[in-house]
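One-letter residues, chain by chain:
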Amino acid sequence: MATNLLESIHSPADLRRLTVAQLKGLADELRECVLQNVAKTGGHLSSNLGTVELTIALHYVFNTPHDRVVWDVGHQTYPHKILTGRRERMPTLRQLGGMSGFPRRDESEYDTFGTAHSSTSISAALGMAVAARQKGEDRKAVAVIGDGAMTAGMAFEALNNAGVERDARLLVVLNDNDMSISPPVGALNRYL
């Protein structure tokens, strides 16, 4: 793995300079970085390992921070933090005076919405998309929501509202990984 691609990434702009062929190697390095740091500081391991490729893809395709990525469950954002200039602060993750385990707007311009737990991403991203449309800004909003969070009423309300908005540049990414804090239940879970 000795490519050291991750060391050259200080922002998503650096990531976008890589070739598509280099992204798999970057994903391997990013996963290793998450593993090493969480082993020292504690934190949410599996949710972050599960979003490595997704995080790379979002920052590679979208012009962040101009385009807004809203994470539904904040404890899946360690790869996002690493790729947005906070790799060197990872040893302080969840430590007193250190980097937050969740997105914090006062921590980075890439953290567009402060979130901890689930079901708020679609409504927040929709609000950002509508605001951008009303201001005449050419920017996109992306909501990343998991299958567990998608079962909450707030997510349904946001989808209902998103369905009637015109010209709001909103993308909803469903991270259907069959994971939750406890086993997912209900009809929607069986459908997904």
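Starting afresh in each chain, residues are numbered from 1 along the sequence in its written order. Local features are withheld for residues below a pLDDT of 70 in this predicted model, meaning they are given only at 70 or higher, and side-chain atom pairs are given and counted only at 80 or more; totals for whole chains, interfaces and linings count all residues. The side-chain values count all of the structure's non-hydrogen atoms but skip hydrogen atoms and water molecules.

Asks: I keep staring at the overall build of the chain and nothing clicks. Help me out?
Replies: Numbered from the N terminus, helices here are DSSP runs of H or I no shorter than four residues, and strands are runs of E no shorter than two. When you go through the chain residue by residue, the secondary structure sums to eight helices and three strands. Going from N to C terminus, the chain has its helices and strands arranged as α-α-α-α-β-α-α-β-α-β-α. Relative to its length of 192 residues, the chain is compact, with a C-alpha radius of gyration of 17 Å against a globular reference of 16 Å. With the C-alpha coordinates aligned to their principal axes, the bounding extent of the chain is approximately 50 × 40 × 35 Å. Here the chain, with 192 residues, has 44% of them falling under the buried criterion. Considering only intrachain contacts with a sequence separation of at least 6, the fraction spanning at least 24 residues in the chain is 70%. Using a 1.4 Å probe, the Shrake-Rupley method yields the accessible areas, and only the shown protein chains count as cover for residues. When the accessible surface of the chain is summed, it comes to about 9,700 Å², and 53% of that surface belongs to carbon and sulfur atoms. Counting 20 positive and 21 negative side-chain charges, the chain places the averaged centre of each group 3 Å from the other. For the radius of gyration, the atoms used are the C-alpha atoms, and the globule rule reads 2.2 Å times the number of residues raised to 0.38. Under the scheme applied here, a residue whose accessible area is under 20% of the maximum for its type counts as buried, over 50% as exposed, and between as partly exposed, the area being computed with a 1.4 Å probe on protein chains only. Residue contacts follow a heavy-atom distance rule, with two residues in contact if any of their heavy atoms lie within 4.5 Å. For the charge count, each Lys or Arg is scored as positive and each Asp or Glu as negative, with His and the chain ends excluded. Positions of charges follow a simple convention, taking NZ of Lys, CZ of Arg, CG of Asp or CD of Glu.

Asks: Mind showing me how you'd approach the pattern of salt bridges here?
Replies: Pairs can form between side chains of opposite charge once their charged atoms are near each other. Here a salt bridge means any side-chain nitrogen of Lys or Arg lying within 4 Å of a carboxyl oxygen belonging to Asp or Glu. In total, this model carries 11 salt bridges according to the counting rule given. For the salt bridge of Arg86 with Glu107, the shortest nitrogen-to-oxygen distance reads 2.7 Å. Taken together, the positions of Arg86 in helix 5 (residues 78-86) and Glu107 in the loop between helix 5 and helix 6 (121-135) put the pair 21 residues apart, joining distant regions of the chain. Overall, Arg86 belongs to the buried group, its relative accessible area being 4%.

Asks: What exactly am I supposed to notice about the sheet that holds strand 1 (residues 68-71) here?
Replies: Pairing between the strands of a sheet comes from backbone hydrogen bonds, and it takes one of two forms, parallel or antiparallel. Ordered by their spatial adjacency, three strands build an open sheet running 1-2-3, and the pairing between neighbours is parallel. In the strand order of this sheet, the two ends are held by strand 1 and strand 3 (170-175), each with one partner. Neighbouring strand axes in the sheet, compared pairwise and without regard to direction, differ in orientation by 20 degrees on average. By this definition, two strands are paired if DSSP reports at least two bridges between them. Across four bridges, the pairing between strand 1 and strand 2 (residues 141-146) is parallel. From the neighbouring strand, Val70 faces strand 2, where its bridge partner is Ala143. Lying over the sheet, helix 4 (residues 52-61) contacts strand 1, strand 2 and strand 3, oriented at roughly 160 degrees with respect to strand 1. Packed onto the sheet, helix 6 meets strand 1, strand 2 and strand 3 and runs at close to 175 degrees relative to strand 2. Helix axes use the C-alpha atoms of the stretch in contact, all axes being lines fitted to C-alpha atoms, and the angles between their N-to-C directions lie in the range 0 to 180 degrees.

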